[in-house]
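An overview of the molecular structure
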Amino acid sequence: MKVIISGDHAGMTLRNEVKSLLDEMNIEYEDIGCSCKTSVDYPDYALPAAERVANGEFDRGILICGTGIGMSISANKVKGIRCALVHDVYSAKATRQHNDSNILAMGERVIGPALAREIAKTWIETEFEGGRHERRVGKISAYEEGQ
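Residues numbered from 1 in each chain as written. Predicted model: local features only at pLDDT ≥ 70, side-chain atom pairs only at ≥ 80, totals over all residues. Heavy atoms only, no water.

1. Notes on the environment of Asp88
What counts, and what does not: Strands here are runs of E lasting at least two residues and helices are runs of H or I lasting at least four, both read from the DSSP assignment and numbered beginning at the N terminus. Exposed residues in this analysis have more than 50% of their type's maximum accessible area, buried residues have under 20%, and partly exposed residues fall in between, with area computed by a 1.4 Å probe over protein chains only. Contacts described as polar in this section are N or O atom pairs within 3.5 Å, which, within protein, must combine one atom able to donate a hydrogen with one able to accept it, while residues neighboring in sequence count only if both atoms come from side chains.
With respect to the helices, strands and loops of the structure, Asp88 is situated in the loop between strand E4 (83-85) and helix H4 (89-99). Asp88 gets classed as partly exposed once you look at its relative accessible area, which sits at 33%. The spatial distance from the C-alpha of Asp88 to the C-alpha of Glu118 is 8.7 Å, given a sequence separation of 30 residues. There is a polar contact of 3.2 Å between the side chain of Asp88 and the backbone nitrogen of Tyr90. Among the polar contacts made by the side chain of Asp88, one reaches the main-chain amide nitrogen of Ser91 at a distance of 2.7 Å.

What follows is the structure, given as structure tokens:
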């Protein structure tokens, strides 16, 4: 699995925690997030990461900003992306099992480092169940193709 990780100025600390987790899990990743504490625009970091997941360069992506909201909204504008904003372990598991999410968004101002690591680990390790969920995800993709 290859993961792209990105974030704005408000997600640097949590992003480093997630990178540490990815190292521990021996997961290949690339970090394209900002490296400053100066305010930057989250779409500038979310959109390139989402595009690289959508084009198949990366299997999944993880985006982190202050709340995760701006990053998830931005990422979901990219065709083929199913970005889930997650702040609990149950949702991390469910969004992989039921929605086949390919990008995870989290907010550094919302959750702490230990929880973020647990969420990311669960999300990475959980597989899509398919079945009835595949039909539903297919409807989203079909709608997206028609736009």
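2. So, a positive patch on the surface
Heads up, the condition is: What goes into a patch is any residue over 30% in relative accessible area without a salt bridge, connected to like charges within 9 Å or, for nonpolar side chains (Val, Leu, Ile, Met, Phe, Trp, Tyr), within 5 Å. In this description, accessible areas are obtained by the Shrake-Rupley approach with a 1.4 Å probe, and a residue is regarded as covered only by the protein chains that are shown. Salt bridges are identified by distance alone: a Lys or Arg side-chain nitrogen within 4 Å of an Asp or Glu carboxyl oxygen. In this tally Asp and Glu are treated as negative and Lys and Arg as positive; neither His nor the chain ends contributes. A single reference atom marks each charge: NZ on Lys, CZ on Arg, CG on Asp, CD on Glu.
On the surface, Arg132, Arg135, Arg136 and Lys139 cluster together into a positively charged patch. With respect to the element layout, Arg135 can be found in helix H6 (residues 132-146).

3. Comments concerning the pattern of salt bridges
According to the stated counting rule, one finds 10 salt bridges in the structure shown. Between Asp31 and Lys19 there is a salt bridge; the shortest N-O distance is 2.8 Å. Of the two residues, Asp31 is situated in strand E2 (residues 28-31) and Lys19 in helix H1 (residues 12-24); the sequence distance between them amounts to 12 residues. Lys19 gets classed as buried once you look at its relative accessible area, which sits at 18%. The shortest N-O distance in the salt bridge between Asp100 and Arg96 comes to 2.9 Å.

4. Points about the sheet that holds E4
Applicable threshold: Whether two strands pair comes down to DSSP finding at least two bridges between them. Helix axes use the C-alpha atoms of the stretch in contact, all axes being lines fitted to C-alpha atoms, and the angles between their N-to-C directions lie in the range 0 to 180 degrees. Contact between two residues is taken to exist if any of their heavy atoms lie within 4.5 Å; hydrogens are not considered.
If you walk across this open sheet you meet the 5 strands as E2-E1-E3-E5-E4, and the pairing is parallel. Single-partner strands in this sheet number two, and they are E2 and E4. The average angle at which neighbouring strand axes cross in this sheet is 20°, direction not considered. Pairing analysis gives 5 bridges linking strand E3 (residues 60-65) to strand E5 (residues 103-107), with the strands arranged parallel. In the sheet register, Leu63 faces E5, and the bridge partner there is Ala105. Across the sheet, H1 touches strand E1 (2-7), E2, E3 and E5, and the angle it forms with E1 is around 165°.

5. Structural notes on the packing of aromatic side chains
The description of two aromatic rings rests on the distance between their centres and on the angle between their planes. Put simply, the rule is: Pairing of aromatic rings covers Phe, Tyr and Trp, the last counted by its six-membered ring, and requires centre-to-centre distances within 6.5 Å; plane angles under 30 degrees mean stacked, over 60 mean edge-to-face, and any other angle means tilted. Definition used: whenever NZ (Lys) or CZ (Arg) falls within 6 Å of the ring centre and also within 35 degrees of the ring normal, the charge is taken to sit over that ring.
For the structure on display, the rule yields 0 aromatic pairs. The cationic tip of Lys2 hangs over the ring face of Phe58; the distance from NZ or CZ to the ring centre is 5.0 Å.

6. A word on the state of the cysteines
Stated precisely, the cut-off is as follows: The rule for a disulfide is simple: a pair of cysteine sulfur atoms within 2.5 Å.
Per the counting criterion, the structure on display carries 0 disulfides. The thiol sulfur of Cys34 is not disulfide-bonded, and the nearest other cysteine sulfur, from Cys36, lies at 4.1 Å. With no disulfide of its own, Cys65 lies closest to Cys83 among cysteine sulfurs, the gap being 9.5 Å. When its relative accessible area of 4% is taken as the criterion, Cys65 is described as buried.

7. Section: the side chain of His133
Locating His133 in the fold gives a position in helix H6. We classify His133 as buried; its relative accessible area is 3%. Setting aside residues no more than four positions away along its own chain, His133 makes contact with Gln97, His98 and Phe128.

Read these as spatial facts, not as claims about activity.
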